[in-house]
Amino acid sequence: MNILAIETSCDETAAALVTDTGDVLSNVVASQIADHAAFGGVVPEIASRRHTELIGGVVAEAMAEAGISKEDLHGVCVTQGPGLVGALLVGISFAKALAWGLNIPLCGINHLEGHLSAAKIDHEITYPHIGMVVSGGHTSLYRIDNPSSIIQIGQTLDDAAGEAFDKVAKLLDLGYPGGVIIEKISQGIDPHTIDLPRPMINDGSYDFSFSGLKTAVLNRVIAEEIFTDMDLRFSGLPQTRKPVPGKEALIPKIASAFQEAVVDVLTAKAIQAVKDHGADLLVVSGGVASNTALRMRLKTVTSEEGINLVIPERKYCTDNAAMIGIAGIRYFREGLIAPLDINARSRWPLTAETRGILS
Ligand code: KG4
Ligand code: ZN
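The rules we used
Residues numbered from 1 in each chain as written. Chains lettered and ligands numbered in written order. Predicted model: local features only at pLDDT ≥ 70, side-chain atom pairs only at ≥ 80, totals over all residues. Heavy atoms only, no water. Near = heavy atom within 4 Å. Polar contact = N/O pair within 3.5 Å; in protein donor to acceptor, adjacent residues only side chain to side chain. Areas by Shrake-Rupley, 256 points an atom, 1.4 Å probe, with all protein chains shown as cover. Helix = DSSP H or I, 4+ residues; strand = E, 2+ residues; numbered from the N terminus. Nonpolar A, V, L, I, M, F, W, Y, C, P; charged D, E, K, R; others polar. Domains from an automatic or database assignment. Contact = heavy atoms within 4.5 Å. Buried area = accessible area lost by both parts, 1.4 Å probe. Salt bridge = Lys/Arg side-chain N within 4 Å of Asp/Glu carboxyl O. Donors = N, O, S within 2.8 Å, 3.2 Å for Na, K, Ca; no water. Tetrahedral: all angles 85-135°; square planar, octahedral: opposite > 155°, others 65-115°. Buried < 20%, exposed > 50% of the residue type's maximum accessible area, 1.4 Å probe, protein only. Pairing = 2+ DSSP bridges. Axes fitted to C-alpha atoms, helices over the stretch in contact; angles between N-to-C directions. Phe/Tyr/Trp six-rings, centres within 6.5 Å; stacked < 30°, edge-to-face > 60°. Core = buried A, V, L, I, M, F, W, Y, C linked by side-chain atoms within 4.5 Å.

A.B. asks: Looking at this structure, I do not really get the site of ligand 1. What am I missing?
C.D. replies: Not every one of the 20 residues close to ligand 1 is listed here, only the nearest: Gly136, Asp166, Glu183, Gly287 and Asn291. Interatomic distance of 3.0 Å between a backbone N/O atom of Gly162 and an oxygen atom of ligand 1. In this structure, Gly179 approaches ligand 1 through a main-chain N or O atom, which is 3.2 Å from an oxygen atom. For ligand 1, the protein covers 88% of the area, taking 550 Å² as the surface of the free molecule. Elements with a minimum of two residues in the shell around ligand 1: helix H4 (111-117), helix H5 (161-171) and helix H6 (178-186). Ranked by residues supplied to the shell around ligand 1, first place goes to H5 with 4 residues. A class-by-class count of the residues in the shell around ligand 1 yields 4 nonpolar, 12 polar and 4 charged.

Quick look at the structure:
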């Protein structure tokens, strides 16, 4: 069975071809980073418009790369939510039209199940396991007893980890997208020269909070007088601020300390969840899971603790359509076919409400 998958939930226009045996035949991602960079973050209206311009070419490229023609398609999966409604609607409309025109089944996939399913690409996954999604919109822990039983056990109470990376990068005037830039400038910088909090690290819950950490960074930036513009706010920051001469060296130190604090919290909570739930496998995915410091720490700690670890390849951690196709295999097998009038779901927690997730 050849499945075409489409993902347009945020600022990546993506299409992939996967087989029902789990092979990824192609995985095309058109990034819109350049379109949003000047604004310091994703502008929903711009994202929707770019998706409409890009989607036809991206799907054609994914089909050509896989050597599959329209007649060889057996099903279409599309991200139905959560995400930006206008952006989601572009992928959903395209997928519906294809499914209707080719008379093949359609599946609406939850983006979070997609991130968790990325682990199945090139890895054998065992059950039960703990899954952690760390992205720009989510930071959540799940207990996964079998492919159709995903139970959320914790989540961020405020900002997602990726959102905190993006906001701190903006605050340090490092540009967009924040995660990649913070990782880059932190390389080789001692993370322990600046003291930052580890919110909720030992509170016994599986929940997270990153907004206080972001404020701690802001307070440090103000205290150190790194910028002359002291009226710092998270919105409307001047794009052209320059650090005060002599203060530049503090920026990578703060970035590195921030990254370390996030890595500490994410690792501690994930390991605690694995232990408490008697699992022996941890799966970590989402854009922040492409962060080298996080990947290395998780590798070290899980090997010390005798826990198996699966982190997808970087290209399958950040938003892509292959993960949506891999999640969709189960839906086609179990006959969880979507009607052609499905709508975008901006909020869609991965719980019992999610069709087909909980049996
Ligand atoms: O999963 P994703 O591509 O999109 C969402 O579903 O949100 O995640 C994007 C998020 C952004 O906040 C971005 O800053 C963060 O992932 N990110 C990173 C890295 N690469 C992307 N954060 C830290 N280090 C990275 N290398
Ligand atoms: Zn995502």
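Back to the write-up after that little detour.
A.B. asks: Can you help me understand the domain arrangement of the protein in this one?
C.D. replies: Accessible area lost upon the coming together of the parts is a frequently used measure of interface size. Its domain assignment divides the protein into domain 1 (2-119 + 316-355) and domain 2 (125-311). Look at where the C-alpha atoms of domain 1 and domain 2 centre, and you get two points 27 Å apart. Each side of the interface is counted separately: domain 1 has 21 residues, and domain 2 has 25 residues. Counting the surface lost from both domain 1 and domain 2, the interface buries some 1700 Å², and carbon and sulfur atoms represent 70% of this. Counting across the interface, domain 1 meets domain 2 through 0 salt bridges. Linking domain 1 to domain 2 there are 5 residue pairs in polar contact (both at pLDDT 80 or more). By residue number, the principal contributor to the side of domain 1 that touches domain 2 is H4, which donates 4 residues.

A.B. asks: Would you explain the coordination of the zinc ion (ligand 2) in this entry?
C.D. replies: By definition of the ideal shapes, four donors in a tetrahedron about a metal sit 109.5 degrees apart, and six donors in an octahedron sit 90 or 180 degrees apart. Taken together, the protein ligands of the zinc ion (ligand 2) are His111 (NE2), His115 (NE2) and Asp319 (OD), with distances of 2.0 to 2.1 Å. Each of the 4 donor atoms around the zinc ion (ligand 2) contributes to a set of angles spanning 94 to 140°, which defines the coordination as irregular. One chain supplies every donor to the zinc ion (ligand 2), and in sequence these donors are spaced H-x3-H-x203-D. Taken together, the positions of His115 in helix H4 and Asp319 in the loop between helix H10 (314-317) and helix H11 (322-333) put the pair 204 residues apart, joining distant regions of the chain. By the burial criterion, His115 is buried, and Asp319 matches it.

A.B. asks: Teacher, can you tell me more about the sheet that holds strand E1 (residues 2-7) here?
C.D. replies: Within a sheet, neighbouring strands are paired by backbone hydrogen bonds and run either parallel or antiparallel to one another. The strand order across the open sheet built from 5 strands is E3-E2-E1-E4-E5, with neighbouring strands paired in mixed fashion. Looking at which strands have only one partner, the edges of the open sheet turn out to be strand E3 (24-31) and strand E5 (106-110). Each neighbouring strand pair of the sheet contributes to a mean axis angle of 20°, computed without reference to strand direction. Along the sheet, helix H2 (residues 44-66) makes contact with E1, strand E2 (12-19) and E3, crossing E2 at roughly 25°.

A.B. asks: Looking at this model, I keep getting lost on the environment of Asn103. Mind explaining?
C.D. replies: The topology assignment puts Asn103 in the loop between helix H3 (85-102) and E5. For the pair formed by Asn103 and Gly75, sequence separation is 28 residues and the distance between their alpha carbons is 9.0 Å.

A.B. asks: For this particular structure, what's the right way to read the packing of aromatic side chains?
C.D. replies: Within a pair of aromatic rings, the relevant descriptors are the distance that separates the centres and the angle that separates the planes. Counted under the stated rule, the structure contains 2 aromatic pairs. Here the aromatic rings of Phe208 and Phe210 are separated by 6.1 Å at their centres, their planes lie at 15°, and the arrangement is stacked. Accessibility classification places Phe208 together with Phe210 in one group, the buried group.

A.B. asks: Teacher, can you tell me more about the nonpolar core here?
C.D. replies: If you look at soluble globular proteins, the nonpolar side chains tend to sit buried side by side. Within the largest apolar cluster, 51 residues are counted, with the highest numbers of intra-cluster contacts made by Val134, Phe258 and Leu266. Within the residue set of this core, elements represented by two or more residues are strand E6 (129-134), H5, helix H7 (211-223), helix H8 (250-276), strand E9 (281-285) and helix H9 (292-305). Looking at this core element by element, the count peaks at 15 residues for H8. One finds Ala15, Val58, Leu73 and Val78 within the second-largest nonpolar core, a separate group that totals 28 residues.

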